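Read off the chains here:
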Amino acid sequence: MPHLCPNSFTLAMGSVMLEEDLFAIQEVRELLAKAKEAQKKLATYSQKQLDTIIDAMAQAGLQASEKLARLASGETGMGRVESKIAKNRFAVQDIYEDIRPLKTVGALPFDPEKGYYEVAEGVGVVAAVIPTTNPTSTTIFKALIALKSGNCIVFAPHPRAKRCIRESAKIVYEAALMAGAPEGCIGCVTNPTLESTQTLMSHPDTAVILATGGPGLVRAAYCSGKPAFGVGAGNPPVVIERSADITHAVRCIVESQTFDYGTLCSSEQSVVVDAPILDQVKAQFLERGGYFLNSQESKLVSQIAVKNNMMTAEVVGQPAYRIAQMAGINVPQETTVLLAPLEGTGPEFPLSYEVLAPILGFYVVQNWSEACQLSLDLLNLGGRGHTLGIHSTNPDILMEFAIQVPVSRVIVNAPTSQGSVGFATHLDPSMTLGCGTFGRNITSDNITARHLLNIKQISAIDKNFPLWENRPIEQSNTEITISDLCDKSSSPISPSLGLSQSKNICQEKSTKFKTGRAKNIQPLTAPSLPKTQKSGWPYNVV
């Protein structure tokens, strides 16, 4: 049985926390050293060899999807087992089927007309930080896209999900080894600490970071000095516009909220309803198990769900009835989602912030323009660049939202949880969603294997490019025709000539002379350049 991580430290009594940090940091260094050596071997593998490896990894992940889902649910206390099974299968099947045809090794398609082609090469060792909300599916996903693109990977688990993350990594690692992958190509920290994760991200052997987690983690990844794919927070509003299929819209929202109890960062956080259809929307939510909180109940829920404008860990991934119980509210156990009517956004309305649980702010607007502005206000609280949901059959309004709202994904007439990751839509299947410069991310894409490649661009000279030959003007008896200097088909005027001089010369097209000997013609000399006083960059340049 291959060992995923070394275990050479013995924790002594006394400075336990300090020695745990030291153990974890040393473990990171050893894992990276092994991954670096494995990377040298993996870089020589053919496309067929890499594909054989991910075939085996996907098969092993699929077989273990239920086991890992139950392990994750038991360890974290978050979400639903059924949903976690579906997420694991999505990470294996949908993502695998998407990346399997991708060519990631050697020469890519060649354009003979342009004399241009590309060569793909892996980026190197990947540092992957895994969250507690989607631990097993994200681990499998990142392992697959890393190995597919010819990269080794080392995982830093969330401490509250380290067992299930480690088991996920172990399963795909063993499958990869059996298929011919080099030892050390997948590693996982045993007992992660803040210091060990920082070491992993900043270590010289780390080539790139895949950071999935909270805003603090993403900032740390971007500050590590390494290229990083960090993802921003989500606070997706969903708009139900008056032309929407109301029954379908509410069904999508409720099923999205009950899918792993809202742990995906793309899950809806607020419902924005067009006033003319308010009664129908309310009726549909009630029919599907929604519970509308009154003002006092909304205050009680907000006190346990949000502190200092941040969601609390206690409510993340919990069912609606359990959250209500925490707040001292009695609701039916079959309640699907708690809806809190709100009149504004920001600190005075805590439930307008992101909460990864089946709790929705509920707003009423008079028209689509007001809905668009409210969506912007909600996104500015922490979800810029992520996702917007909209239910509408009016193409003009859909386009207006797409143009005006700063998000990377507009999910139309679909649940945003499953829609943004490519489960319920045709977006690239991914468990890591970029937010673009809207959210201070490097990309707005759904991250996949192609983001873990260096693409070398090979290009020959354009056959139409005029390759000029610079012929110096010699102080000799060589005869020079000034008209030749002005003819674009021959050598150009020397770059050393000033504009005024070249103009004067070209006015005397019929004159022939021997350099330095023609009557009344002075030898051509380049004008002297002014001396630059260097006094720090940019040297007096305005």
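Residues numbered from 1 in each chain as written. Predicted model: local features only at pLDDT ≥ 70, side-chain atom pairs only at ≥ 80, totals over all residues. Heavy atoms only, no water.

Quick word on helix H5 (residues 135-148)
Item 1. An ideal rise of 1.5 Å per residue puts 20 Å on 14 residues; H5 measures up with 20 Å between its terminal C-alpha atoms.
Item 2. Looking one or two places after H5, you find Gly150, whose phi comes out positive at around 80 degrees. (Helix = DSSP H or I, 4+ residues; strand = E, 2+ residues; numbered from the N terminus. Expected span 1.5 Å × (residues − 1).)

Describing the nonpolar core
Item 1. Ranked by internal contacts, the top residues of the largest apolar core, which has 73 residues, are Met57, Leu147, Phe155 and Ile186.
Item 2. Take this core: its biggest share by element is 9 residues, from helix H6 (residues 162-178).
Item 3. Contact partners of Met57, with chain neighbours within four places excluded, come to Ala143, Leu144, Leu147, Val172, Ala175, Ala176 and Ile186.
Item 4. Of all hydrophobic cores here, the second largest spans 35 residues; its members include Leu351, Ile359, Leu374 and Val405. (Core = buried A, V, L, I, M, F, W, Y, C linked by side-chain atoms within 4.5 Å. Buried < 20%, exposed > 50% of the residue type's maximum accessible area, 1.4 Å probe, protein only. Contact = heavy atoms within 4.5 Å.)

A closer look at the packing of H5 against H6
Helix packing for two helices is described by the angle between their axes and how far apart those axes are.
Item 1. For the pair H5 and H6, the least separation of the axes is 9 Å and the interaxial angle reads 35 degrees. The interaxial crossing formed by H5 with H6 has right-handed handedness. The residues of H6 that touch H5, namely those facing Pro135, Thr136, Thr139, Ile140 and Ala143, are Cys164, Ile165, Ser168, Ala169 and Val172. (Axes fitted to C-alpha atoms, helices over the stretch in contact; angles between N-to-C directions. Left-handed = near helix turned anticlockwise from the far one by under 90°.)

As for the pairing of strand E6 (residues 208-211)
Item 1. With burial as the criterion, each face of E6 is covered, one bearing Val208 and Leu210 and the other bearing Ile209 and Ala211.
Item 2. As paired elements, strand E3 (residues 126-129) and E6 share 4 bridges and run parallel to each other. Of the residues in E6, the one forming a bridge with Ala127 is Ile209.
Item 3. Sheet topology places E6 next to strand E7 (residues 228-230); 3 bridges connect them, and they run parallel. Bridged to Leu210 within E7 is Phe229. (Pairing = 2+ DSSP bridges.)

Some details on the pattern of salt bridges
Item 1. Tallying each qualifying case throughout the model produces 16 salt bridges.
Item 2. Measuring nitrogen to oxygen at the nearest pair gives 2.9 Å for the salt bridge that ties Glu121 to Lys456. One end of the pair, Glu121, is in strand E2 (residues 116-122); the other, Lys456, is in strand E17 (residues 453-459), with 335 residues separating them in the sequence.
Item 3. The class for Lys456 is partly exposed, based on a relative accessible area of 40%. (Salt bridge = Lys/Arg side-chain N within 4 Å of Asp/Glu carboxyl O.)

Some words on the packing of helix H4 (residues 81-99) against H5
Item 1. Close contact between H4 and H5 brings their axes to 8 Å; oriented N to C, the two are set at 20 degrees. Comparing their axes, H5 and H4 come out roughly parallel. Crossing of H4 against H5: the hand is right-handed. Of the residues in H5, those in contact with Lys87, Asn88, Ala91, Val92, Ile95 and Ile99 of H4 are Thr136, Ser137, Ile140, Phe141, Leu144, Ile145 and Lys148.
Item 2. Classifying every residue of the contact of H4 with H5 by side-chain character gives 8 nonpolar, 3 polar and 2 charged. (Parallel < 35°, antiparallel > 145°, perpendicular 65-115°, else oblique. Nonpolar A, V, L, I, M, F, W, Y, C, P; charged D, E, K, R; others polar.)

Concerning the sheet that holds E3
Within a sheet, neighbouring strands are paired by backbone hydrogen bonds and run either parallel or antiparallel to one another.
Item 1. Sheet architecture is open: 5 strands sit in the order E5-E4-E3-E6-E7, paired in parallel fashion. Strands with a single pairing partner mark the edges of an open sheet, and in this sheet they are strand E5 (186-188) and E7. Neighbour-to-neighbour, the strand axes of this sheet turn through a mean angle of 15 degrees, independent of strand direction.

Looking at the environment of Lys40
Item 1. Tracing the chain through its elements places Lys40 in helix H1 (residues 16-42).
Item 2. By relative accessible area, Lys40 is classed as exposed at 52%.
Item 3. Separated by 142 residues in the primary sequence, Lys40 and Pro182 have C-alpha atoms spaced 9.4 Å apart.
Item 4. Side chain to side chain, Lys40 and Glu37 meet in a polar contact 3.1 Å long. (Polar contact = N/O pair within 3.5 Å; in protein donor to acceptor, adjacent residues only side chain to side chain.)

Focus on the sheet that holds strand E9 (residues 270-274)
Item 1. Overall, parallel pairing links the 7 strands, which are arranged E10-E13-E14-E9-E8-E15-E16 in an open sheet. Pairing within the sheet leaves two strands with one partner each, and these edge strands are strand E10 (290-292) and strand E16 (407-412). Averaged over all pairs of adjacent strands, the angle between strand axes in this sheet comes to 25 degrees, irrespective of strand direction.
Item 2. Across the sheet, helix H14 (residues 395-404) touches strand E8 (237-240), strand E15 (385-391) and E16, and the angle it forms with E15 is around 165 degrees.

As for the confidence of the model for the chain
Item 1. Across the chain, pLDDT averages 85, with 83% of residues at or above 70.
Item 2. Counting contacts from residues 5-14, a segment whose pLDDT is below 50, to residues more than four positions away or on other chains yields 20 contacts.
Item 3. For the stretch residues 476-542, pLDDT sits under 50, and the model shows 49 contacts to residues farther than four places along the chain or on other chains. (pLDDT = per-residue confidence, 0-100.)

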